[in-house]
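Observations on chain architecture
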Amino acid sequence: LGVSDATQDILYSYLSSRREINFTTNVLQPNYVPIDVQWSAYVDAGYSVAVVTSAVNAAIRNFLNPATWAGGDNSPATWDGTQTTVRVFDIASAMSQVQGLGSILSVKTRQSYPSSGSYSVNDIVMLGIGNLPIANNVTGNLLTAPNNAYSGLG
């Protein structure tokens with residue numbers, strides 16, 4: 001999250017003391033863009049619906065985590081300011097890494113604030129400077145495919 005004014009002043013002084021002459025140093029607070037996600041998919045046979053649902057929601061939250069967005073999970077951590085679009089297919093890709101998740105039926109998003117609006121399959125473009133997505137409401141519907149259901153008959 002954003003830092004205190006005192007920490008921001010210390011950071012600015014540190015960066016300014018190490019910059020080359022005629023270079024401008026700018027420090028700004030991040031602008032968080034809350035994202036709501038609704039998804040539905042099939043669970044693979046033999047997996048718990050509750051466990052897979054929780055894991056998929058966690059994967060989405062991790063993908064939309066400001067700390068890991070646009071290179072934050074690189075070593076060393078970086079930030080690519082050109083990453084300004086939350087893509088629905090990228091969310092689906094993060095979901096697909098969850099063990100036990102079968103076919104993804106739908107992924108819909110919306111920007112929670114300033115106005116929620118309707119969910120859609122469109123990508124979300126984060127306008128402005130220093131934007132970072134953050135997961136807000138993440139809800140999923142995990143279905144059991146009829147051919148995956150175990151009847152006990154042999």
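Described below are features of the structure shown in this document. None of the values given here were measured: they were computed from a predicted structure. (Residues numbered from 1 in each chain as written. Predicted model: local features only at pLDDT ≥ 70, side-chain atom pairs only at ≥ 80, totals over all residues. Heavy atoms only, no water.)

Comments concerning the sheet that holds strand S3 (residues 101–111)
Taking strand neighbours across the sheet as the criterion, the 3 strands line up as S3-S1-S5 in an open arrangement whose pairing is mixed. Both edges of this open sheet fall to S3 and strand S5 (131–144), since each of them pairs with a single strand only. Neighbour-to-neighbour, the strand axes of the sheet open up by a mean angle of 20°, direction not taken into account. As defined by bridge partners, strand S1 (residues 31–43) adjoins S5 across 12 bridges and the pair is classed as parallel. Within S5, the position partnered with valine 43 by the bridge is threonine 144. Packing against the sheet, helix H2 (residues 49–63) makes contact with S1, S3 and S5, and its axis sits at approximately 160° to S5. Where helix H3 (residues 88–96) meets the sheet, its contacts fall on S1 and S3, and the angle it forms with S3 comes to roughly 140°. (Pairing = 2+ DSSP bridges. Helix = DSSP H or I, 4+ residues; strand = E, 2+ residues; numbered from the N terminus. Axes fitted to C-alpha atoms, helices over the stretch in contact; angles between N-to-C directions. Contact = heavy atoms within 4.5 Å.)

Digging into a nonpolar patch on the surface
Together, Leu11, Tyr14 and Leu15 make up an exposed nonpolar region whose accessible area comes to about 260 Å². Structurally, tyrosine 14 is set in helix H1 (residues 5–18). Owing to a relative accessible area of 45%, tyrosine 14 belongs among the partly exposed residues under this scheme. (Patch = residues over 30% accessible without salt bridge, like charges linked within 9 Å, V, L, I, M, F, W, Y side chains within 5 Å. Areas by Shrake-Rupley, 256 points an atom, 1.4 Å probe, with all protein chains shown as cover. Salt bridge = Lys/Arg side-chain N within 4 Å of Asp/Glu carboxyl O. Buried < 20%, exposed > 50% of the residue type's maximum accessible area, 1.4 Å probe, protein only.)

Focus on the pairing of S1
Here 8 bridges tie S1 to S3, and the two strands are oriented antiparallel to one another. Along S3, the bridge assignment pairs aspartate 36 with arginine 110.

A closer look at the layout of surface pockets
Roughly 250 Å³ of volume is contained in the second largest pocket. Forming the walls of the second largest pocket are 14 residues, and the residues nearest its centre are Phe63, Thr68, Trp69, Ala70 and Gln83. Contributing elements (two or more residues each) for the lining of the second largest pocket: H2 and H3. When residues in the lining of the second largest pocket are grouped by element, the largest group, 3 residues, is from H2. Its residues assigned to classes, the lining of the second largest pocket comprises 5 nonpolar, 6 polar and 3 charged. (1 Å grid on protein atoms, 1.4 Å probe; cavity = no way out; pocket = protein on both sides within 12 Å on 5 of 7 lines; lining within 4 Å. Points joined across faces, edges and corners; volume = space filled by probe spheres on them. Nonpolar A, V, L, I, M, F, W, Y, C, P; charged D, E, K, R; others polar.)

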